[in-house]
Amino acid sequence: MSRSGGCQCGAVRFRVEGDLGRASICHCRMCQKAFGAFYGPYVSMTPEQVTWTRGARKLFASSNLVSRGFCGDCGTQLTFEGAGFFDIAIGAFDDPTDIRPTIQIGLEAKLPWVDELGSLRTQSPEAQAKTRAYQAQVVSHQHPDHDT
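Computed from a predicted model, the values in this text were never measured in an experiment.

1. What to know about the side chain of Asp87
Part 1 of the argument: Residue position: Asp87 is located in strand S9 (residues 85-89).
Part 2 of the argument: We note that Asp87 is buried and unpaired, the nearest opposite charge coming from Arg22 at a distance of 5.5 Å.
Part 3 of the argument: Those residues in contact with Asp87 that sit more than four places away from it in its chain are Tyr42, Val43, Ser44, Leu78, Thr79 and Phe80.

2. A short note on the pattern of salt bridges
Part 1 of the argument: Enumeration according to the criterion identifies six salt bridges in this entry.
Part 2 of the argument: Across the pair Asp98 and Arg3 runs a salt bridge whose closest N-O atoms are separated by 3.0 Å. Of this pair, Asp98 sits in the loop between S9 and strand S10 (103-105) while Arg3 sits in strand S1 (residues 2-6), and the two are 95 residues apart along the sequence.
Part 3 of the argument: The exposure class of Asp98 is partly exposed, given its relative accessible area of 47%.

3. Thoughts on the sheet that holds strand S5 (residues 50-54)
Part 1 of the argument: Read from one edge of the open sheet, three strands run S1-S2-S5, paired in antiparallel fashion. Looking at the sheet topology across the chains shown, the edges are occupied by S1 and S5. Direction aside, neighbouring strands of the sheet carry axes that sit 25° apart on average.
Part 2 of the argument: The sheet contact formed by S1 and strand S2 (residues 13-17) spans five bridges and is antiparallel. By the bridge assignment, Gly5 is partnered in S2 with Phe14.

4. With respect to the environment of Thr131
Part 1 of the argument: With respect to the helices, strands and loops of the structure, Thr131 is situated in helix H2 (residues 125-136).
Part 2 of the argument: In this structure, the C-alpha to C-alpha distance between Thr131 and Arg121, residues ten residues apart in sequence, is 16 Å.

5. Overview of the pairing of S9
Part 1 of the argument: For S9, the buried fraction is high: four of the five residues fall into the buried class.
Part 2 of the argument: Sheet topology note: the strand S4 (residues 40-45)/S9 ladder contains four bridges and is antiparallel. Residue pairing in the sheet places Met45 in a bridge with Phe86 of S9.
Part 3 of the argument: Alignment of strand S8 (residues 77-82) against S9, held across four bridges, turns out to be antiparallel. Within S9, the residue paired with Glu81 across the bridge is Phe86.
Part 4 of the argument: Linking two consecutive strands that pair antiparallel, namely S8 and S9, is a turn of two residues; a positive phi of about 90° is found at Gly84 within it.

6. Some thoughts on the sheet that holds S9
Part 1 of the argument: Spatially, S6-S7-S8-S9-S4-S3-S10 is the arrangement adopted by the seven strands of the open sheet, whose pairing is mixed. With partners counted over all chains shown, the strands left at the sheet margins are strand S6 (58-60) and S10, one partner each. When strand polarity is set aside, the average angle formed by the axes of neighbouring strands in this sheet is 30°.

7. Points about the nonpolar core
Part 1 of the argument: Among the nonpolar cores identified, the biggest contains 23 residues, and Phe14, Val16, Val43, Met45, Val50, Ile88 and Phe93 are the most heavily contacted of them.
Part 2 of the argument: Apart from the residues lying within four places of it in its own chain, the contact partners of Ile88 are Phe14, Val16, Pro41, Tyr42, Val43, Met45, Val50, Leu78, Thr79 and Phe93.

Reading guide: rules and limits
- Residues numbered from 1 in each chain as written.
- Predicted model: local features only at pLDDT ≥ 70, side-chain atom pairs only at ≥ 80, totals over all residues.
- Heavy atoms only, no water.
- Helix = DSSP H or I, 4+ residues; strand = E, 2+ residues; numbered from the N terminus.
- Buried < 20%, exposed > 50% of the residue type's maximum accessible area, 1.4 Å probe, protein only.
- Lys, Arg positive; Asp, Glu negative; His and termini not counted.
- Salt bridge = Lys/Arg side-chain N within 4 Å of Asp/Glu carboxyl O.
- Contact = heavy atoms within 4.5 Å.
- Pairing = 2+ DSSP bridges.
- Axes fitted to C-alpha atoms, helices over the stretch in contact; angles between N-to-C directions.
- Core = buried A, V, L, I, M, F, W, Y, C linked by side-chain atoms within 4.5 Å.

So far we have only geometry, and geometry alone does not tell us how the molecule works.
Structural data, given as structure tokens:
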């Protein structure tokens, strides 16, 4: 199996060959900061499975044991790398729909309300219509979810 992905602006693209490993959600504070989000979703593989097909990721040594790869142009979080492990951010894949996390880690920093997200109210039909009308005006500069 072959999967492609990349950053938001398209400056960095990758292809992964073969089966993916464990998909996880990490709640640690470093992942929260790296993603600017509630947690970091990653899937593991070997570095040998990955071919960088456009551009190169920049690396930030977020600790003495880990480097995080990202796009130097748009800032998209791409990798979590260290001795003996290599993970790619699930959302960086062109089609992440079947990469389903099977474990949560870093629970010591898990935000206390994360488990309640599924029960949040949603927009009214009227508000949804306004949102759709606004989104219809948006001209995306994001790279499409396929190789170009």
